[in-house]
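Summary of the model geometry
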Amino acid sequence: MHPRIAAPLAALVFAFALSATAQKAPPANLEPLPEPPPIPPEISSDPDLEPQITITRRATETIEEYRVGGRLTMIKVTPKTGRPYYLVADGADGTWVRRDSLDAGLKVPMWLLFSF
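Overview of the structure. Here the structure is a predicted model, which means the values were calculated and not measured. (Residues numbered from 1 in each chain as written. Predicted model: local features only at pLDDT ≥ 70, side-chain atom pairs only at ≥ 80, totals over all residues. Heavy atoms only, no water.)

1. Let's talk about the overall build of the protein chain
Along the protein chain, the regular secondary structure elements total 1 helix and 5 strands. Traced from its N-terminal end to its C-terminal end, the protein chain shows the element sequence α-β-β-β-β-β. Relative to its 116 residues, the protein chain shows a buried fraction of 10%. Across the protein chain, the fraction of contacts at a sequence separation of at least 24, relative to all contacts at a separation of at least 6, is 2%. (Helix = DSSP H or I, 4+ residues; strand = E, 2+ residues; numbered from the N terminus. Buried < 20%, exposed > 50% of the residue type's maximum accessible area, 1.4 Å probe, protein only. Contact = heavy atoms within 4.5 Å.)

See below:
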């Protein structure tokens, strides 16, 4: 940009920004803001929904049983050697599904296509 045009343009932009930030007098008919709602009390957890965990240690493995409302929902088996795995209740029909982890299983591809 040419210096003869840049200086007046910069002055014009500065003047516009200065006028935009200038505060105007508030209107006379303003009302005060209402009081904010009270802060809700701490939400106490329902002990019936908290899982009860029973840990059984054996010579070759550790078994953790998770019960909610007295119903067995998940078992975590941690062998002395190897990776832990989970047995998860699959619905109300009494079947169990073995999982190596508790993630959802959705793996988003993260390929690098271009790099500059």
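2. A closer look at the pattern of salt bridges
By the definition in use, this model includes 3 salt bridges. The residue Glu61 makes a salt bridge to Arg58 at a minimum N-O spacing of 3.5 Å. (Salt bridge = Lys/Arg side-chain N within 4 Å of Asp/Glu carboxyl O.)

3. Considering the environment of Pro47
With respect to the helices and strands, the residue Pro47 is situated in the loop between α1 (3-21) and β1 (52-57). Residue Pro47 is classed as exposed on the basis of its relative accessible area of 58%. As for Pro47 and Gly69, which are separated by 22 residues in sequence, their C-alpha atoms are 8.9 Å apart.

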